[in-house]
Amino acid sequence: MIPFKKYLQEVSTYEGGKSVSEVAPKGIKIHKLSSNENPLGASPKVVAAVQKQLQQLSIYPDGTDTRLRTALANFYQNQLSAEQFLTANSGLACIELIVHAFMEQGTNAIYCNPAFGPYHAFPKKIGATAIDIPLIGDNFSLDIPAILAAVNEQTRLIFVTSPNNPTGTHIPKAQLDELITKLPSHVILVIDEVYYQFTDAPDFVRPLPYVLANKNIIGINSFSKAYGLAGLRIGYAYSTPEIASYLRQLRRPFMINSLSFEAAIAALDDNDFIQKTVELVHQEKQFLYQSLDKLDVKYWKTQANFILIEPEMSPLDFERSMLEKGIMVRPVAGFGAPKGVRVTIGTHQSNVAFLEAYKAIKAAAMVEC
């Protein structure tokens, strides 16, 4: 008998959003507002770096990630050393490495739905347990007493996200302070901050100050969102010197291809592009708020580059109706929000198209009634 791992066969796998080619015929105008991609594309500096690197595709990339980690240290104004970073093929890959580094059968991780699916899928893939302590209230707040009550000797990781996907809400500094202060020393708090560039809440806090204070914290980041490099799959994590050194032992040589490697370094050097991206998102966010209010749509104000809405019909019916009008959106039942649909904040043209489609769908539903 083949020794298949039963827990691996039973676990559900996270599925990413579909591409335009998967859902629409070629030549049809589609506004993709389903995957939180940068509506401006990638930085011209990144494009130039990738084009230059195309001439060297027959050459192996750097065997280590030293140049990229040095660029990250410089980006963080050398508050962190290059040795405190872990780079990998996306923030998602960092999460997977962290799970393999600290978990095994018999251990558990805590996550808080609505949340990113891999937080519970990845521990289950190695036979560990994932415990859901749902977010509470209309503001999707951490239930800190419940989280602490769920922690036991087998708990290794707690996953939180700020700003959170799919809700768009953030964790106030006071809440993070309380949680971190009360966690036992054998538990590591993983803070996914891949949308941090878009935040403007005065009480938002990044993992960085806690890492600098030598707390058991790992920050997760990605080049897929604000940097517009989703197609190149590159991300990074940072932590204390002790934790980061341990994590890097899992990293294989030549992990990052040369195009992604050079693109990430170039992206870190273009703050103007990030600023332009953030300004667009903030401007269009206000436009969408005003328009959704007029349409009487239930939604949550966001600290990210997407908005969670609750349409008047089932999310799947809404998704199909939107797609018929050339708009891709993302139902997020798989994230623990069964009534929710996530809508990326796009260009003004895309946002207008989304709103016009919403108006038409709502009008048609009223006629049917």
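Residues numbered from 1 in each chain as written. Predicted model: local features only at pLDDT ≥ 70, side-chain atom pairs only at ≥ 80, totals over all residues. Heavy atoms only, no water.

**As for the overall build of the protein chain**
Okay, step 1: Each helix and strand in the protein chain was counted, giving 14 helices and 13 strands.
Okay, step 2: Rg of the C-alpha trace for the protein chain: 21 Å, near the compact-globule value of 21 Å for 369 residues, within the 12% margin.
Okay, step 3: Taken along the three principal axes of its C-alpha coordinates, the protein chain extends 60 × 55 × 55 Å.
Okay, step 4: In the protein chain, which comprises 369 residues, the share counted as buried stands at 53%.
Okay, step 5: Taking the intrachain contacts of the protein chain between residues at least 6 apart in sequence as the baseline, contacts between residues at least 24 apart amount to 75%.
Okay, step 6: Entry remark: accessible area of the protein chain is about 17,000 Å², with carbon and sulfur atoms responsible for 53%.
Okay, step 7: Distance from the positive charge centre (34 side chains) to the negative charge centre (35 side chains) of the protein chain: 4 Å. (Helix = DSSP H or I, 4+ residues; strand = E, 2+ residues; numbered from the N terminus. Rg over C-alpha atoms; globule rule 2.2 N^0.38 Å. Buried < 20%, exposed > 50% of the residue type's maximum accessible area, 1.4 Å probe, protein only. Contact = heavy atoms within 4.5 Å. Areas by Shrake-Rupley, 256 points an atom, 1.4 Å probe, with all protein chains shown as cover. Lys, Arg positive; Asp, Glu negative; His and termini not counted. Charge placed at Lys NZ, Arg CZ, Asp CG, Glu CD.)

**Side note on unusual backbone geometry**
Okay, step 1: Here the bond from Ser 162 into Pro 163 is cis, since omega is -5°, no more than 30 degrees from zero.
Okay, step 2: Relative to the elements of secondary structure, Pro 163 occurs in the loop between β5 (155–161) and α8 (173–182).
Okay, step 3: Cis geometry marks the peptide bond from Asn 165 to Pro 166; its omega dihedral reads 25°.
Okay, step 4: A positive phi is found at Gln 77, a non-glycine position, where the angle reads about 55°.
Okay, step 5: Within the secondary structure, Gln 77 is located in the loop between α4 (66–75) and β2 (85–88).
Okay, step 6: Take Gln 77: its relative accessible area is 64%, and that puts it in the exposed class.
Okay, step 7: Even without glycine at this site, Ser 90 takes up a positive phi of about 105°.
Okay, step 8: Here Ser 90 falls in the buried class, since its relative accessible area comes to 3%.

**Focus on the environment of Ala 174**
Okay, step 1: Within the element layout of this structure, Ala 174 appears in helix α8.
Okay, step 2: Among the residues examined, Ala 174 registers a relative accessible area of 59% and is labelled exposed.
Okay, step 3: Each C-alpha atom of the pair Ala 174 and Val 205 lies 9.3 Å from the other, and the pair is 31 residues apart in sequence.

**Quick word on the sheet that holds β2**
Okay, step 1: Spatially, 7 strands are ordered β2-β8-β7-β6-β5-β3-β4 in an open sheet, and the strand pairing comes out mixed. Two strands lie at the open edges of the sheet, namely β2 and β4 (129–132), each paired on one side alone. Put simply, the sheet's adjacent strands are angled 20° from each other on average, direction ignored.
Okay, step 2: As paired elements, strand β7 (residues 217–222) and strand β8 (residues 235–239) share 5 bridges and run antiparallel to each other. Residue pairing in the sheet places Ile 220 in a bridge with Ala 237 of β8. (Pairing = 2+ DSSP bridges. Axes fitted to C-alpha atoms, helices over the stretch in contact; angles between N-to-C directions.)

**A look at the packing of aromatic side chains**
Okay, step 1: Summed over the entire model, instances satisfying the criterion amount to 18 aromatic pairs.
Okay, step 2: Between Phe 223 and Tyr 227, the ring centres sit 5.0 Å apart and the planes meet at 40°, which makes this aromatic pair tilted.
Okay, step 3: Aromatic rings pair up to connect Phe 75, Tyr 76, Phe 85, Phe 223, Tyr 227, Tyr 236 and Tyr 238 into one cluster.
Okay, step 4: The ring of Tyr 196 has Arg 206 lying over it, and the distance from NZ or CZ to the ring centre is 3.7 Å.
Okay, step 5: The aromatic ring of Phe 306 is capped on one face by Arg 342, whose charged end is 5.8 Å from the ring centroid. (Phe/Tyr/Trp six-rings, centres within 6.5 Å; stacked < 30°, edge-to-face > 60°. Lys NZ or Arg CZ within 6 Å of the ring centre and 35° of its normal.)

**Focus on the side chain of Ser 90**
Okay, step 1: Locating Ser 90 in the fold gives a position in the loop between β2 and α5 (91–102).
Okay, step 2: Those residues within four positions of Ser 90 in sequence are excluded, and the remaining contacts are Arg 233, Ile 234 and Gly 235.

Worth remembering: the numbers are spatial, not functional.
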